[in-house]
Amino acid sequence: MAVLTERRGDARREVAARRPRRAWRHRLDVKASPYAYVAPFFVVFGAFGLFPLVYTAYVSLTGWRADTPGSEHRFVRFDNYSRLWHDEFFWNALKNTVGIGVISTVPQLVMALGLAHLLNYRLRGRTFVRMGVLLPNVTSVAAVTIIFVQLFGRDYGLVNWFLGLFGVPHTEWQAGRLSSWLAISVIVTWRWTGYNALIYLAAMQGIPFELYESAAIDGASRWKQFWRITVPMLRPTILFTVIVSTIGALQLFGEPLLFNTSQTPTTGGSQHQFQTLALYTYDQFWQKFKYGYGAAISWAMFGVIAVFVLVNFALARRLRGVDAS
């Protein structure tokens, strides 16, 4: 009996000794597990996002050129940015980027909003239609641009043939500034309208149907319901698509690169008429091997994107303030 009592006492003491260790492991698990779960993202981001960003900033302060040995260690401070300020090709690329971005983004989002509004109604085979509007986005940008280059061909292009039916003379779409902007904008709009339409459609699914029923009882037409209910409820989503589309437009690269049929596609045409900032960066960095200057252009493009995003946020806050008043 005494032996049994002694064993029970030892077991209780062992259990009592384990409790602090278990409590410590539990607290460690609760506090450290969230950081362990998100650590892979930050490791990948640091290796492939943050480090290249910081290293590009360092390179932009050097006079590194591939044809000048030892130039990677020549620190020129802000000379590249000073040169960039007086570079007419940089300002031309910025003008082309903003022009193509405006022409492609505004119609794209307007059509996407209207398309989403139509898809939100009960249609036959609407699942098939919803899948169909996303097909242009999943298609290779190279394949899409090559096809559109043929469509916009001067002599045998389908676009010129169609316009010729109305007496419009054949247009060499790659030669002019405005014509090349329009052609590239058509490619961008065709690729991304369905993608934005599905984003709007997903947001429309969250709008209570009772609002539309009440508006219909009060005699509001579908057009008024769209402007008085749908658009105000979609304002955060519209702001999101505007910002994302603006960033995408300012980073436009594949379409203008492949749209150029000359031997030097990074020039954006014989007169640089559709050379974007991304194309100009690539031309300076990988064609002329001016690494320091190309890095400076990259950071300048980052600054332009930041300015446009801040402007969008400011306009959105101002619109919210007007609505609140």
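Note: the structure precedes this text.
A brief report on the enclosed structure follows. Quantities reported herein were computed from a predicted structural model and do not represent experimental measurements. (Residues numbered from 1 in each chain as written. Predicted model: local features only at pLDDT ≥ 70, side-chain atom pairs only at ≥ 80, totals over all residues. Heavy atoms only, no water.)

**Points about the overall build of the protein**
Per the secondary structure count, the protein includes 13 helices and 0 strands. Ordered by position in the sequence, the α and β elements of the protein form the string α-α-α-α-α-α-α-α-α-α-α-α-α. Relative to its 325 residues, the protein shows a buried fraction of 35%. Partitioning the intrachain contacts of the protein with sequence separation of at least 6 by distance along the chain shows that 67% fall at a separation of at least 24. Carbon and sulfur atoms provide 67% of the accessible area of the protein, an area that totals close to 20,700 Å². (Helix = DSSP H or I, 4+ residues; strand = E, 2+ residues; numbered from the N terminus. Buried < 20%, exposed > 50% of the residue type's maximum accessible area, 1.4 Å probe, protein only. Contact = heavy atoms within 4.5 Å. Areas by Shrake-Rupley, 256 points an atom, 1.4 Å probe, with all protein chains shown as cover.)

**Let's talk about the side chain of T230**
Tracing the backbone through its elements, the reader meets T230 in helix 9 (residues 222-233). Since its relative accessible area comes to 1%, T230 is described here as buried. Once residues within four sequence positions are removed from consideration, T230 is found in contact with H117, M204, I207, Y212 and Q225.

**Details of a nonpolar patch on the surface**
Together, Y35, Y37, V38, F41, F42, F45, L50, L53 and V54 line one region of the surface with nonpolar side chains, adding up to about 1,000 Å² of accessible area. With respect to the helices and strands, the residue F41 is situated in helix 1 (residues 2-59). (Patch = residues over 30% accessible without salt bridge, like charges linked within 9 Å, V, L, I, M, F, W, Y side chains within 5 Å. Salt bridge = Lys/Arg side-chain N within 4 Å of Asp/Glu carboxyl O.)

**A look at the packing of aromatic side chains**
Within the structure shown, the criterion is met by 23 aromatic pairs. Taken together, the ring pairs connect W64, F285, W286, F289 and Y291 into an aromatic cluster. The ring of Y293 has R83 lying over it, and the distance from NZ or CZ to the ring centre is 4.0 Å. (Phe/Tyr/Trp six-rings, centres within 6.5 Å; stacked < 30°, edge-to-face > 60°. Lys NZ or Arg CZ within 6 Å of the ring centre and 35° of its normal.)

**Comments concerning the packing of helix 3 (residues 88-119) against helix 7 (residues 177-204)**
Following both chains from N to C, one finds helix 3 and helix 7 inclined at 40 degrees, their axes separated by 6 Å at the closest point. Note on packing geometry: the crossing formed by helix 3 with helix 7 is right-handed. (Axes fitted to C-alpha atoms, helices over the stretch in contact; angles between N-to-C directions. Left-handed = near helix turned anticlockwise from the far one by under 90°.)

**Points about the environment of F253**
Turning to its location among the elements, F253 is positioned in the loop between helix 10 (235-250) and helix 11 (254-259). Here the alpha-carbon distance between F253 and T266, two residues 13 residues apart in the chain, equals 9.4 Å. Not counting chain neighbours up to four residues away, the residues in contact with F253 comprise A278, L279 and Y282.

**Focus on the environment of V186**
In this fold, V186 is placed in helix 7. Since its relative accessible area comes to 36%, V186 is described here as partly exposed.

**So, the pattern of salt bridges**
Considering all chains together, one arrives at 5 salt bridges under this definition. Linking D67 and R65 is a salt bridge whose minimum nitrogen-to-oxygen distance equals 2.9 Å. Between E255 and R191 there is a salt bridge, with the nearest N and O atoms lying 3.4 Å from each other. Taken together, the positions of E255 in helix 11 and R191 in helix 7 put the pair 64 residues apart, joining distant regions of the chain. This pair shows no difference in class: E255 is buried, exactly as R191 is.

**Concerning unusual backbone geometry**
With a phi close to 60 degrees, R77 is a non-glycine residue in the positive phi region. With respect to the element layout, R77 can be found in the loop between helix 1 and helix 2 (79-85). The backbone of F289 shows a phi angle near 55 degrees, a positive value even though the residue is not glycine. Relative to the helices and strands, F289 resides in the loop between helix 12 (277-287) and helix 13 (291-324). Exposure remark for F289: the relative accessible area of 36% places this residue in the partly exposed category.

**Here we look at the nonpolar core**
In this structure, L84, F90, L277, Y280 and I297 are the most contacted members of the largest nonpolar core, which totals 18 residues. Those elements giving two or more residues to this core turn out to be helix 3, helix 10, helix 12 and helix 13. Per-element tally for this core: the top contributor is helix 13, with 8 residues. Beyond its immediate sequence surroundings of up to four residues, Y280 is in contact with D87, F89, F90, A93, Q275, Y293 and I297. Counting residues in hydrophobic clusters, the runner-up holds 17 residues, among them L201, M204, A215 and L234. (Core = buried A, V, L, I, M, F, W, Y, C linked by side-chain atoms within 4.5 Å.)

**Observations regarding the side chain of T237**
On the secondary structure map, T237 appears in helix 10. Here T237 is in contact with I199, Y200 and A203, once residues within four sequence places are set aside.

Function cannot be read off these values alone, since they describe shape.
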